[in-house]
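Structural overview
The residues making up each chain are set out below.
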Amino acid sequence: MLFLNKKIELDLNNTYQWWRVITFLVFGLMAGSLLMSSIFVYNYTFRTLEDAHTIVLLNTDMIANNINLENYQKAVTMVNSKSELLTVPSKIRNIFNFGSFSSAPATSSVYVGR
């Protein structure tokens, strides 16, 4: 395990070593600022376009009305008909009562016999 004993040493005593570190830091800051700027522009460009579209629609007199008024009126009448009470007539036939009908066997006038 000789590779664990080796120490990594940065030779910062070199004259140009600090310039190298500063160059990497500057390029990193430039890349980060470019990335953050592009994210900012992407997000707020589309938000601004949507807000401008909304403002234009609100300022116009003719806004597209997508509501079908005929179907709306039908729905209102159906809701109102559900809220009304149903009146049942007093003389209604009871389909579960079979006692009122009498069934008699059919009689024949012809006598067949011996």
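To start, this report covers the structure provided alongside it.

Here the focus is the overall build of the chain. If you tally the helices and strands in the chain, you get three helices and zero strands. Along the chain, from the amino end to the carboxyl end, the secondary structure elements read α-α-α. Relative to its full complement of 114 residues, the chain shows a buried share of 1%. About 12,500 Å² of surface is accessible on the chain, with carbon and sulfur atoms providing 64% of the total.

In total, this model carries two aromatic pairs according to the counting rule given. Measuring from centroid to centroid gives 4.6 Å for F40 and Y44, while their planes differ by 45°, and the two rings are tilted. Taken as a pair, F40 and Y44 lie in helix α2 (residues 17–59) at a separation of four residues, close to a single helical turn. By relative accessible area, which is 39% here, Y44 ends up partly exposed.

For the coordinates displayed, the defined rule picks out one salt bridge. Close ionic contact of K74 with E70 constitutes a salt bridge, the shortest N to O distance being 3.7 Å. Separated by four residues within a single helix, K74 and E70 lie in helix α3 (residues 69–83), roughly one turn from each other.

Parameters and conventions
- Per chain, the residues get numbers from 1 upward, laid out in the order the sequence is written.
- Where local features are concerned, this predicted model is filtered to residues with pLDDT of at least 70; where side-chain atom pairs are given and counted, the filter is 80 or more; whole-chain, interface and lining totals use all residues.
- Where side-chain values are given, they derive from all heavy atoms of the structure, hydrogens and water being excluded.
- Helix and strand definitions follow DSSP, with helices as H or I runs of at least four residues and strands as E runs of at least two, each counted in order from the N terminus.
- Throughout, exposure labels follow a simple rule: accessible area from a 1.4 Å probe, protein chains only, divided by the maximum for the residue type, with under 20% read as buried, over 50% as exposed, and the rest as partly exposed.
- Reported accessibility uses the Shrake-Rupley method at a 1.4 Å probe radius. Residues are deemed covered only where the shown protein chains occlude them.
- By convention, a stacked pair of Phe, Tyr or Trp rings (six-membered ring in the case of Trp) has centres within 6.5 Å and planes under 30 degrees apart, an edge-to-face pair has planes over 60 apart, and any other such pair is tilted.
- Here, a salt bridge means any Lys or Arg side-chain nitrogen found within 4 Å of an Asp or Glu carboxyl oxygen.

The analysis is restricted to geometry; functional conclusions fall outside its scope.
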